[in-house]
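# Chain and residue survey
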Amino acid sequence: MDVLINVFVALHIIGIASLLGGFLTQMKAMSAGTARFNAPMLHGALTMLITGMVLVGLNQADGHTLNNIKIGIKLAILVVILGVVYVKRDDEAASKPLFGVVGGLTVANIFIATLWT
């Protein structure tokens, strides 16, 4: 079971890398006002959602105690990110504040995952 959990942790990290990478590669475009929500950001957020749900299930099945408040907060943040990216994915350019909020929430989700013990 540990190997399966570690595989899904790796996939979860790949999802966050895709979401954050999609944001960071457009920082220059954001300052020019031409940044947009791209497919890697959407796919990264979806990957995080699916792998996160699988990780919760696998950890519960393995008998680990879970911090449901932490998981709920991370899920709420991810749903906001996913909603914004999904709705605005076809726009020519995203507004600077909205694009910045997605990046900030992504980083906040990373800090919650790593620092909240």
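Residues numbered from 1 in each chain as written. Predicted model: local features only at pLDDT ≥ 70, side-chain atom pairs only at ≥ 80, totals over all residues. Heavy atoms only, no water.

### Observations concerning the nonpolar core
Put simply, the rule reads: Residues enter a nonpolar core if they are buried and are Ala, Val, Leu, Ile, Met, Phe, Trp, Tyr or Cys, with the set joined through side-chain atoms within 4.5 Å. Relative accessible area decides the class of each residue, using a 1.4 Å probe on protein chains only: under 20% of the type maximum gives buried, over 50% gives exposed, and in between gives partly exposed. Each helix corresponds to a stretch of at least 4 residues labelled H or I by DSSP, and each strand to a stretch of at least 2 residues labelled E; elements are numbered beginning at the N terminus. Only heavy atoms matter for contacts: two residues are in contact if any of them lie within 4.5 Å across the pair.
Formed by 20 residues in total, the largest nonpolar core has its most connected members in Phe23, Phe37, Met41, Ile81, Val85, Phe99 and Val102. Where this core is concerned, the elements lending two or more residues are α1 (2-24), α3 (39-61), α4 (68-88) and α5 (96-115). Ignoring any residue separated from it by four or fewer positions in sequence, one finds valine 85 in contact with Phe37, Met41, Leu42 and Val102.

### A few points about a nonpolar patch on the surface
Which entries qualify depends on this criterion: Here, patches come from residues exposed beyond 30% relative accessible area and free of salt bridges, joined within 9 Å for like charges and within 5 Å for nonpolar side chains (Val, Leu, Ile, Met, Phe, Trp, Tyr). Reported accessibility uses the Shrake-Rupley method at a 1.4 Å probe radius. Residues are deemed covered only where the shown protein chains occlude them. Definition used for salt bridges: Asp or Glu carboxyl oxygen within 4 Å of a side-chain nitrogen of Lys or Arg.
A contiguous nonpolar surface patch, about 360 Å² in accessible area, is contributed by Val3, Val7, Leu11 and Ile14. Within the secondary structure, valine 7 sits in helix α1. On the accessibility criterion, valine 7 (41% relative accessible area) is partly exposed.

### Digging into the pattern of salt bridges
The full count for this structure, using the stated rule, is 1 salt bridge. For aspartate 91, the salt bridge is made with lysine 88, and the minimal N-O distance between the two is 3.7 Å. You can call aspartate 91 partly exposed: its relative accessible area is 29%. By relative accessible area, lysine 88 is classed as partly exposed at 32%.

### Some thoughts on α3
Condition: Here the expected span of a helix is defined as 1.5 Å times the quantity of residues minus one.
Compared with an ideal rise of 1.5 Å per residue, which puts 23 residues at 33 Å, α3 spans 33 Å between its outermost C-alpha atoms and is within 8% of the ideal. Next to the buried residues of α3 lie α1, α4 and α5. Positive backbone phi, approximately 90°, marks glycine 63, located one or two places after α3.

### Focus on the layout of surface pockets
Selection criterion: Two kinds of site are reported from a 1 Å grid over the protein atoms alone, namely cavities, where a 1.4 Å probe fits but cannot get out, and pockets, open sets with protein on both sides within 12 Å along at least five of seven lines, and residues are called lining when an atom falls within 4 Å of a point. Grid points are joined across faces, edges and corners, and a volume is the space filled by probe spheres set on the points.
Looking at the largest pocket, its volume works out to about 720 Å³. Lining the largest pocket are 23 residues; nearest its centre among them are His12, Gly52, Leu55, Lys74 and Ala113. Ranked by the residues each element gives to the lining of the largest pocket, the list is headed by α3, at 7 residues.

### What about the packing of aromatic side chains?
Between two aromatic rings, the relevant description is the distance of the centres plus the angle of the planes. Inclusion rule: Stacked, tilted and edge-to-face are the three classes applied to pairs of Phe, Tyr and Trp rings, where Trp contributes its six-membered ring and a pair requires centres within 6.5 Å; stacked means planes under 30 degrees apart, edge-to-face means over 60, and tilted covers the rest. Note on geometry: a ring has a charge over it if NZ (lysine) or CZ (arginine) is within 6 Å of the ring centre and within 35 degrees of the ring normal.
Under the definition given, this model contains 2 aromatic pairs. Their ring planes at 25° and their centres at 5.1 Å tell us that phenylalanine 23 and phenylalanine 99 sit as a pair that is stacked. Here phenylalanine 99 lies in helix α5 and phenylalanine 23 lies in helix α1, a separation of 76 residues in the sequence. For the pair phenylalanine 23 and phenylalanine 99, one class covers both residues: buried. Measuring from centroid to centroid gives 5.1 Å for phenylalanine 37 and phenylalanine 99, while their planes differ by 35°, and the two rings are tilted. Of the two residues, phenylalanine 37 is situated in the loop between α2 (27-32) and α3 and phenylalanine 99 in helix α5; the sequence distance between them amounts to 62 residues. The buried category is assigned to phenylalanine 99, whose relative accessible area is 0%. Through a chain of ring-to-ring contacts, the aromatic side chains of Phe23, Phe37 and Phe99 assemble into a single cluster. Lying over the aromatic face of tyrosine 86, arginine 89 brings its terminal NZ or CZ to 4.0 Å of the ring centre.

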